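One-letter residues, chain by chain:
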Amino acid sequence: MSDNAPLIALDKLTLKPSKKAAAVLDDVSVGVHAGQTLILLGDADSGKVALLKLLANVRERSEVLSGTIRFGIGESYNLAREFTITPQTAYLTGPYAGALNPHATAISQLIRVVARKKNISPDAARVELSSALARLPAAPPLSALDALPGTIAPEALASGLFAAALAQSPQLLLADDPLTQLTPSHARAYAEVLLAEQKKHNFAMIYAAQNVESAKLLNCDVAVLKNGKIVEQGPVARLMVKPQQAYTQALFRVVASRAKEVAAQIGRNASRGGALLQVRNVKLASQPKSAREPLNFELRRGASLALIGEKGSGRHTLARVLLGLDPVATGQIIFDLVDIGILAEPMMAHMRRRVAFVTGDDEALDSRMTVYDTVAEPLRANLHAPRDVMAQNRDAA
């Protein structure tokens, strides 16, 4: 393969879900070389995921394609006809994408994928997966993945998904924004791993991003998509400073303003007394109409706050709202710099692990369960802890 030839190149690609449907991708021309990363940046309707699925050989019978595709220095193929993606590809998603069957263990599914992609035995695939997992930062042991996906901690499941993708020795890695589904520290660590593995093995990567943060972490070329068309393309460093299109300017402006806001907030909260919980102009959905004033207060780190009121005043409703169990009519609840109102349920469940809820209501106890099981249940649900660890925590409590 020539050093100047892209590993894969698309020319004037148009994709429609059906003959009469509007184009999901319209006149898209893009390519990526071995060792190069290309970010596809845009909103949910931009067409970036449709492009990933096309390159992953996931297509619907009703789809209508036009344009050409070329691999290396080989001939171009007409997309309207049958074709096969020849580079070895791996598809990488995040822990909340629901890519795994919830009724089978994660390890069995990951081993099956590696074995099929590399055409090796399950035992050999287990060795490859274990080796890839060992290269990841703070990765769990392979045995931690021997459970149903829904019972595995998101960070551990993310490690398994990353390891499975790398174990396939891909020439082309297709990533559906796995970094966004991680905490900032984990995202930085895994971005470094991806770049190090790419430098070592020289694979190309096409990364569909929901926001600019992933592009900043990977520091690579970006193709900005809007309504199925590429409206701007270039290095992320240039687009951050001099974006030409209004849509690109809006994408980067949001990140810039958010970064300034977070930096200022971190500066204010750097001390022990910084605000951990902020309730801003909140009105409860069950709040009586006679209550004219919204709720505004904050709870600082290391401090306590008492809510006093008679029965029906809204104390318990507010507690449920703070846990994300009930909605708010208006306003914002900020927990450790994060607006919980914008969190999807999987992320909200992850946040609840940082909150302990103590109640004196006897109805919270299940009469069908022993006291032991009542105490152990939250440890099993939130910590996924083995029985001996649960016993230690119960005894300590």
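One can find the structure itself at the top, above this paragraph.
**Comments concerning the overall build of the protein chain**
Within the protein chain, the regular secondary structure consists of twelve helices and 14 strands. For the protein chain, with 397 residues in total, the buried portion stands at 36%. Residue pairs at least 24 apart in sequence account for 64% of intrachain contacts in the protein chain once pairs closer than 6 positions are excluded. Of the roughly 22,200 Å² of accessible surface on the protein chain, 53% is carried by carbon and sulfur atoms.

**Notes on the nonpolar core**
In terms of nonpolar packing, the biggest core is built from 52 residues, with Ile39 and Leu179 touching the most fellow members. The leading source of residues in this core is helix 4 (residues 154-167), at ten residues. Residues in contact with Leu179, not counting those within four places in the same chain, are Phe162, Ala187, Tyr190, Ala191, Tyr207, Ser214, Leu217 and Leu218. Core analysis: the next-biggest nonpolar cluster, separate from the first, contains 28 residues, Leu38, Leu65, Ile85 and Leu174 among them.

**Topic: the packing of helix 2 (residues 106-118) against helix 3 (residues 122-134)**
Taken N-terminus to C-terminus, the directions of helix 2 and helix 3 make an angle of 105°; their axes are 8 Å apart at the nearest point. What the angle tells us is that helix 2 and helix 3 run roughly perpendicular. Counted together, Ile107, Leu110, Ile111, Val114, Ala115 and Lys118 of helix 2 and Pro122, Ala125, Arg126, Glu128 and Leu129 of helix 3 form the full contact between these two elements. Here the residues of the contact of helix 2 with helix 3 sort into eight nonpolar, no polar and three charged.

**Some thoughts on the packing of aromatic side chains**
Any two aromatic rings considered together are summarised by their centre-to-centre distance and by the angle between their planes. For the structure on display, the rule yields two aromatic pairs. Both rings, one in Phe71 and one in Tyr77, keep their centres 6.1 Å apart while their planes meet at 50°; by these two values the pair is tilted. Centroid distance Phe162 to Tyr190: 4.6 Å. Interplanar angle 50°. Geometry classified as tilted. Of this pair, Phe162 sits in helix 4 while Tyr190 sits in helix 5 (residues 184-201); the two residues are 28 residues apart in sequence, bridging distant segments of the chain. Residues Phe162 and Tyr190 agree in their burial class; the two are buried.

**Some details on the sheet that holds strand 13 (residues 328-335)**
Judged by pairing direction, the sheet is antiparallel, and its four strands sit side by side in the order 12-11-13-14 without closing on themselves. Of all the strands in the sheet, just strand 12 (295-300) and strand 14 (338-339) have a single pairing partner and so form its edges. Pairing geometry for strand 13 and strand 14, over two bridges, is antiparallel. The partner of Phe335 across the bridge, within strand 14, is Val338. Packed onto the sheet, helix 9 (residues 315-322) meets strand 11 (275-284), strand 12 and strand 13 and runs at close to 120° relative to strand 11.

**Here we look at the sheet that holds strand 8 (residues 204-209)**
Strand order in the open sheet formed by six strands is 6-7-8-3-9-10, with mixed pairing between adjacent strands. What marks the edges here is a single partner per strand, and that holds for strand 6 (89-92) and strand 10 (229-235). Adjacent strand axes in the sheet meet at a mean angle of 15° when their direction is disregarded. Running over the sheet, helix 1 (residues 48-55) touches strand 3 (37-41), strand 6, strand 7 (172-175), strand 8 and strand 9 (221-226) and is turned about 145° from strand 8.

**Some words on helix 2**
Counted at 1.5 Å a residue, the expected span for helix 2 with its 13 residues is 18 Å, and the 18 Å between its end C-alpha atoms agrees. Here the buried face of helix 2 lies against helix 3 and helix 4. One or two residues past the end of helix 2 sits Asn119, with phi positive at roughly 55°.

**Regarding the pairing of strand 8**
Taken residue by residue, a regular strand's side chains alternate between the two faces of the sheet. Of all six residues in strand 8, six are buried; the element is thus mostly enclosed. Both faces of strand 8 are covered, namely the face carrying Ala204, Ile206 and Ala208 and the face carrying Met205, Tyr207 and Ala209. In terms of strand pairing, strand 3 meets strand 8 through five bridges, oriented parallel. Residue pairing for strand 8: Thr37 is matched across the bridge by Met205. In this sheet, strand 8 lies alongside strand 7 in parallel orientation, the contact comprising four bridges. From the neighbouring strand, Ala175 faces strand 8, where its bridge partner is Tyr207. Handedness of the strand 7-helix 5-strand 8 crossover: right-handed.

**Considerations on the pattern of salt bridges**
Across all of its chains, the model carries seven salt bridges by this definition. The salt bridge involving Arg135 is made with Glu197; its shortest N-O contact spans 2.9 Å. Highlighted residues: Arg135 in the loop between helix 3 and helix 4 and Glu197 in helix 5, separated in sequence by 62 residues. In this structure Arg135 comes out as partly exposed when scored by relative accessible area, which is 33%. Salt-bridge contacts for Lys216 lead to Glu213; the nearest nitrogen and oxygen are separated by 3.9 Å. One end of the pair, Lys216, and the other, Glu213, are both in helix 6 (residues 212-218), three residues apart, so they sit about a helical turn from each other. Owing to a relative accessible area of 34%, Lys216 belongs among the partly exposed residues under this scheme.

**Notes on the side chain of Gln278**
Relative to the assigned elements, Gln278 resides in strand 11. For Gln278, a relative accessible area of 11% corresponds to the buried category. A polar contact of 3.4 Å, which involves the side chain of Gln278, links it to the side chain of Arg280.

**A short note on the pairing of strand 11**
In the sheet, strand 11 pairs with strand 12 via five bridges, with the strands oriented antiparallel. Looking across to strand 12, one finds that Val282 is bridged to Leu295.

Rules of the game
- Residues numbered from 1 in each chain as written.
- Predicted model: local features only at pLDDT ≥ 70, side-chain atom pairs only at ≥ 80, totals over all residues.
- Heavy atoms only, no water.
- Helix = DSSP H or I, 4+ residues; strand = E, 2+ residues; numbered from the N terminus.
- Buried < 20%, exposed > 50% of the residue type's maximum accessible area, 1.4 Å probe, protein only.
- Contact = heavy atoms within 4.5 Å.
- Areas by Shrake-Rupley, 256 points an atom, 1.4 Å probe, with all protein chains shown as cover.
- Core = buried A, V, L, I, M, F, W, Y, C linked by side-chain atoms within 4.5 Å.
- Axes fitted to C-alpha atoms, helices over the stretch in contact; angles between N-to-C directions.
- Parallel < 35°, antiparallel > 145°, perpendicular 65-115°, else oblique.
- Nonpolar A, V, L, I, M, F, W, Y, C, P; charged D, E, K, R; others polar.
- Phe/Tyr/Trp six-rings, centres within 6.5 Å; stacked < 30°, edge-to-face > 60°.
- Pairing = 2+ DSSP bridges.
- Expected span 1.5 Å × (residues − 1).
- Right-handed = clockwise from strand over helix to strand, strands pointing away.
- Salt bridge = Lys/Arg side-chain N within 4 Å of Asp/Glu carboxyl O.
- Polar contact = N/O pair within 3.5 Å; in protein donor to acceptor, adjacent residues only side chain to side chain.

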